[in-house]
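# Secondary and tertiary structure notes
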Amino acid sequence: MPFLELEGLPDLEDNPRELNGELVVGSGSQATWRLTGRDLAARHFRVQTQSDGARVVPASAQNIVVLNDSQTPTEGATLNSGDVIAAGSARFVFLEDKDSPRPEPLGESAASYLVDSNARRAYALRKRVIQIGREIGCSIVLKDPTVSRFHCDVKSEGGQFVIYSMGSTGTRVNEAPVGTPRMLVEGDRIAIGDTVFTFTRRQLPPGISLVQFEDHADDSFSRRNTVLLDRVVTNESRKYTRGAKRPRNPLIPWVIGLGAIVALLVVFVAFRR
């Protein structure tokens, strides 16, 4: 009989948990294995066991599930004994039986960075959530009119780093738009407006300065309207193509003509008197 074990808590009740059919892991009341305080969604992932084996399946495309250091696709992945499933701040081990060998506990992970090669600077990912945007309250502030005030987040999940895109002008990783949360891997290039970051766990190249997250006192830039790729959004919610003239009101010529006729009538009446 297979089991799912929550790593590091051997004295927890019902740990490891016997698998028979489908087990839903999450923090909500509908989860069959409910775990709070571990940054899990209400229904985070499912472990399905059948006669031909077992699978792990994210409960939603918005939920990141890491299987052996790789992001689990939305359709799920096959499990083998000793596989490690990471979600939120929790790590689980899939076991064919209670006496199956366990993998070595996870050691301290290498430092991770977002490197802006053009600016010759790097940001260490030491916080659980790194906000990137034009707003001065963000961890990384980009003074770029095409960047939203709160453009994207880089979150620590499952022992990895995951990017969530929220900006109206979009975020791209390796030229592909980010529609759902995406786990970052070594060398990924993240395009946000005119800035491109490279994700790395390697030693920083020469000439790259490690900087702290800046404290910005002037918030005037963050209060500007966001420039979209094909239009500008103004406070009046009018939309114009960048660089194009505003469309002319078609009633203006008629108003001018009517005014001219009225003026001529006034002059004509004045001379008749």
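Residues numbered from 1 in each chain as written. Predicted model: local features only at pLDDT ≥ 70, side-chain atom pairs only at ≥ 80, totals over all residues. Heavy atoms only, no water.

Attention now goes to the overall build of the protein. Secondary structure summary: the protein contains one helix and 25 strands in total. A total of 273 residues make up the protein; the buried ones form 40% of that total. Nonlocal contacts in the protein, meaning residues at least 24 apart in sequence, comprise 42% of its contacts between residues at least 6 apart. In the form shown here, the protein has an accessible surface area of approximately 16,200 Å², with 51% of it arising from carbon and sulfur atoms. (Helix = DSSP H or I, 4+ residues; strand = E, 2+ residues; numbered from the N terminus. Buried < 20%, exposed > 50% of the residue type's maximum accessible area, 1.4 Å probe, protein only. Contact = heavy atoms within 4.5 Å. Areas by Shrake-Rupley, 256 points an atom, 1.4 Å probe, with all protein chains shown as cover.)

Note: strand β12 (residues 113-116) against strand β13 (residues 121-124), four bridges, orientation antiparallel. Counterpart to Asp116 in the pairing with β13 is Arg121. Here β12 folds back onto β13, and the loop between the two strands holds four residues, one of which, Arg120, carries a positive phi near 60 degrees. Taken together, the three bridges between β13 and strand β23 (residues 209-211) define a ladder with parallel strand orientation. Paired with Tyr123 across the bridge in β23 is Val211. (Pairing = 2+ DSSP bridges.)

The seven strands are arranged β19-β18-β21-β22-β12-β13-β23 in an open sheet whose pairing can be described as mixed. Bordering the open sheet on either side are β19 (176-177) and β23, each of which pairs with just one other strand. When β12 meets strand β22 (residues 195-200), the two strands line up antiparallel, connected through three bridges. Along β22, the bridge assignment pairs Leu114 with Phe199.

This part covers the nonpolar core. By size, the foremost hydrophobic cluster in this structure holds 21 residues, and its most contacted members are Leu4, Val25, Trp33, Phe45, Leu79, Ile85 and Phe92. When contributions to this core are tallied by element, the ones reaching two or more residues are β1 (3-6), β3 (22-26), β5 (45-50), β6 (53-58), β9 (77-79), β10 (84-87) and β11 (90-95). It is β11 that provides the largest number of residues to this core, a total of three residues. Setting aside anything within four residues of it in sequence, one finds Phe45 in contact with Leu4, Leu23, Val24, Val25, Val56, Val57, Pro58, Ala59, Val65, Ile85, Ala87 and Phe92. Counting residues in hydrophobic clusters, the runner-up holds 19 residues, among them Ile130, Val147, Ile163 and Leu184. (Core = buried A, V, L, I, M, F, W, Y, C linked by side-chain atoms within 4.5 Å.)

Moving on: the pairing of strand β14 (residues 129-133). Judged from the four bridges that link them, β14 and strand β16 (residues 152-157) form a sheet pairing that is antiparallel. Directly across from Gln131, in β16, lies its bridge partner Asp153. The sheet contact formed by β14 and strand β15 (residues 140-141) spans two bridges and is parallel. For Gly133, the partnering residue across the bridge sits in β15 and is Val141.

Before going further, it helps to spend a moment on the sheet that holds β10. Sheet architecture is open: six strands sit in the order β2-β1-β11-β10-β7-β8, paired in antiparallel fashion. Of all strands in the sheet, those with a lone pairing partner are β2 (17-18) and β8 (70-71), marking the two edges. Looking at chain direction, β1 and β2 are connected through two bridges and run antiparallel. Directly across from Leu4, in β2, lies its bridge partner Arg17.

Moving on, we get to the pattern of salt bridges. Per the counting criterion, the structure on display carries six salt bridges. Close ionic contact of Arg102 with Glu5 constitutes a salt bridge, the shortest N to O distance being 2.8 Å. Separated by 97 residues along the polypeptide, Arg102 in the loop between β11 and β12 and Glu5 in strand β1 bring together distant segments of the chain. For Glu5, a relative accessible area of 15% gives the class buried. For Arg149, the salt bridge goes to Glu135, with nearest N and O atoms at 2.8 Å. With Arg149 in the loop between β15 and β16 and Glu135 in the loop between β14 and β15, this pair connects stretches of sequence that are 14 residues apart. A relative accessible area of 32% means that Arg149 is categorised as partly exposed. (Salt bridge = Lys/Arg side-chain N within 4 Å of Asp/Glu carboxyl O.)

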